[in-house]
Amino acid sequence: MSRHGMVRAVGTHFEYEDGMYFYPFGTTVYALAHQEERLIDETLRTLKNSPFNKVRMCVFPKHYQYNNNEPQFYPFERNGDGSWDVGRPCDDFWNHLEDIIKRLNNLEIECDLILFHPYDNWGFSQLSQRDNIRYLDYCTRRLGHLKNIWWSLANEYDLCLGSKSMEDWKEIEEFVASHNPNHNLLSNHNCFIPWDVSRPNITHGSYQTKRFADVPNIVNKFGKPIMVDECCYEGDLPEFWGCLSGEEMTARFWRVVTSGAYCTHGETFMDNEHEIVWWAKGGTLKGTSPARIQFLKNIMYELPSPIEPTVTAAGTFDNLPEEVRRDMESQPMFLGFQKAMAMMTKEDKHIHYALEYCYAGHCGEEAYLNYYDQRCSVKDTIVLPKDKSYRIELIDTWNMTREIIAEGASGDTEIHLPGRPYMAVLATTKHKIVRYE
């Protein structure tokens, strides 16, 4: 456990027990616990020197593309007919799993432990509900004392609906929550159908999504921390989910974080010789996004408080100078603009604004962050409180540079931009920097 204590959900963000903010910068190594010791050691050495302070990994072994090896140990002993005897846990398996989680803890890395998943070649996803509960009873008693665990009910719970009904999932959620004396964080991850984050047992959202413009409204809707735990992976696989560029992986982190939520990384570079893909097995990182994620993490820990999303009402031209906005709103065109918007269906609005969204967040009135994503503007106007004075920095999120471009700014402030993508602007008042130690 971190010297700052366990991580808790507080409002829409996370804090350690001592009140220090915890900003999760996660990565995914689903089958880490099922690899040979040499590869586990290599993975942990890599994590030690990475920006990642949360790892998503599975209890059960995983059978999927680029991940077909048999594990060394299985969670349970077998019956005479080859079926699993859930009442006889395999000590070697559980000792091994616990040791890995403790080693992550020594690195001050949270373990987002996935209790179920559909990618199965051994029958673990097809256990009866009675055996599911017996397994959970043992798992929570065996590992529940480890304070760096976050319980993730599933990876893509909805792909298990062939064997587990929604009522089964609710029973699973209730069982884990009621057998969680340390109050470890609890979520459930989706493929298509997000789990209901408003449920009282759920401490935070765990989403698979690529609709980043939706994130600010999700944060505001539930008032809980929101993790985008799957948004595709940096890599070069033929599958659409495993071939993001480093630029795009980095951009997805900035879109999510600027929106007041948190993002999880994954890496999927082809390895024809050894078939060791980070997202499944670990090893070493090959991508270009981790260094940029570290750069973003450093900025986050300099802010005075967690980021809150700024949701700009569409059609109000809020990003324009006041006199320009008043002139626009006095024109006949603006009336037509309003009428056209009113005639759009909900689906049309959703599609339109997902593609024309401006990512922005703030820390009260102490800091304002705008992320320009793929926009190549040469200037913009940022709207700041008139009664405060701000220093404005231009941030190149890809080249990892920061440049002060204005001092003493307030109110509607025009800024000059370099006309290339992946830029951000941060306006801050004087504040005490909250660093991660």
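Computed from a prediction, not measured in an experiment: that's the story for all the values here.

A. Layout of the packing of helix α3 (residues 129-143) against helix α4 (residues 166-178). Contact pair α3 / α4: the axes reach a minimum separation of 10 Å and the direction vectors enclose 20°. When the interaxial angle is binned, α3 and α4 end up roughly parallel. Judged by the sense of rotation from one axis to the other, the crossing of α3 with α4 is right-handed. Residues Q129, I133, L136, D137 and T140 of α3 form the contact with α4, whose participating residues are D168, E171, I172, F175 and V176. Residues that form the contact of α3 with α4 fall into these classes: 5 nonpolar, 2 polar and 3 charged.

B. Examining the confidence of the model for the chain more closely. Confidence along the chain averages 93 in pLDDT terms, with 96% of residues attaining 70 or more. In the model, residues 432-437 has pLDDT below 50 throughout and makes 18 contacts with residues more than four positions away in sequence or in other chains.

C. Examining the packing of aromatic side chains more closely. Per the stated rule, a full pass over the model turns up 33 aromatic pairs. Aromatic side chains F14 and Y262 sit 5.7 Å apart centroid to centroid with 55° between the ring planes, which places their arrangement in the tilted category. Of this pair, F14 sits in strand β2 (residues 13-16) while Y262 sits in strand β14 (residues 262-265), and the two are 248 residues apart along the sequence. According to the relative accessible area criterion, F14 is buried, its value standing at 0%.

D. Representation of the sheet that holds strand β23 (residues 423-428) in the model. Pairing within the open sheet is antiparallel, and its 6 strands lie in the order β16-β17-β18-β23-β20-β21. For this open sheet the edge positions go to β16 (308-309) and β21 (401-409), each flanked by a neighbour on one side alone. Pairing analysis gives 5 bridges linking strand β18 (residues 367-371) to β23, with the strands arranged antiparallel. Within β23, the residue paired with N370 across the bridge is V425.

E. Main features of the sheet that holds strand β8 (residues 110-116). Spatially, the 8 strands line up as an open sheet ordered β10-β9-β8-β5-β4-β14-β12-β11, and their pairing is parallel. Edge positions in the sheet fall to β10 (186-187) and β11 (205-208), since each has one partner strand and no second. Pairing between strand β9 (residues 149-154) and β10: 2 bridges, direction parallel. Counterpart to S152 in the pairing with β10 is S187. Against the sheet, α3 touches β8 and β9, its axis set at about 165° to β8.

F. Expanded view of the pairing of strand β12 (residues 226-230). Along β12, 5 of the 5 residues are buried, which leaves the element largely enclosed by surrounding structure. For β11 and β12, the ladder comprises 4 bridges, and the chain directions are parallel. Residue pairing across strands places Q208 opposite E230, the latter belonging to β12. For the crossover that starts at β11, traverses helix α5 (residues 215-222) and ends in the parallel β12, the hand is right-handed. Judged from the 2 bridges that link them, β12 and β14 form a sheet pairing that is parallel.

G. Geometry of unusual backbone geometry. Positioned with a positive phi, Y66 is a non-glycine residue whose angle comes to about 60°. Positionally, Y66 belongs in the loop between β5 (54-58) and β6 (76-78). Using a relative accessible area of 12% as the deciding quantity, one classes Y66 as buried. Positive phi is not limited to glycine here, since E108 has a value of about 55°. The topology assignment puts E108 in the loop between α2 (91-106) and β8. Accessibility expressed as a relative area gives 17% for E108, which makes it buried.

What counts as what
Note that residues are indexed from 1 along each chain, following the sequence as it is written. In view of the model being predicted, local features appear only for residues whose pLDDT reaches at least 70, and side-chain atom pairs are presented and counted only at 80 or more, with totals across whole chains, interfaces and linings using the full set of residues. Side-chain descriptors were evaluated using all non-hydrogen atoms of the structure, hydrogens and water having been removed beforehand. For helices, the fitted line uses only the C-alpha atoms of the stretch in contact; every axis is such a line through C-alpha atoms, and the angle between N-to-C directions lies from 0 to 180 degrees. Comment: elements are numbered from the N terminus, with helices defined as DSSP H or I runs of at least four residues and strands as E runs of at least two. Oblique is the label for any angle not under 35 degrees, not over 145, and not in the 65 to 115 range, which are roughly parallel, roughly antiparallel and roughly perpendicular in turn. Should the near helix be turned counterclockwise from the far one by less than a right angle, the crossing is left-handed, whereas a clockwise turn marks it as right-handed. The criterion used for residue contact is that any of the two residues' heavy atoms lie within 4.5 Å. In this count, Pro and Cys sit with the nonpolar residues alongside Ala, Val, Leu, Ile, Met, Phe, Trp and Tyr, while Asp, Glu, Lys and Arg are called charged and the others, Gly among them, polar. On a range of 0 to 100, pLDDT expresses the predictor's confidence in each residue. Any Phe, Tyr or Trp ring, taking Trp's six-membered ring, that has another such ring centre within 6.5 Å forms a pair; planes under 30 degrees apart are called stacked, those over 60 apart edge-to-face, and the others tilted. A 1.4 Å probe rolled over the protein chains alone gives each residue an accessible area, and that area as a share of the maximum for its type sets the label: buried under 20%, exposed over 50%, partly exposed in between. Pairing between two strands requires that DSSP report at least two bridges joining them. Here a crossover is taken to be right-handed if, once the strands point away from the viewer, the path from the first strand over the helix to the second is traced clockwise.

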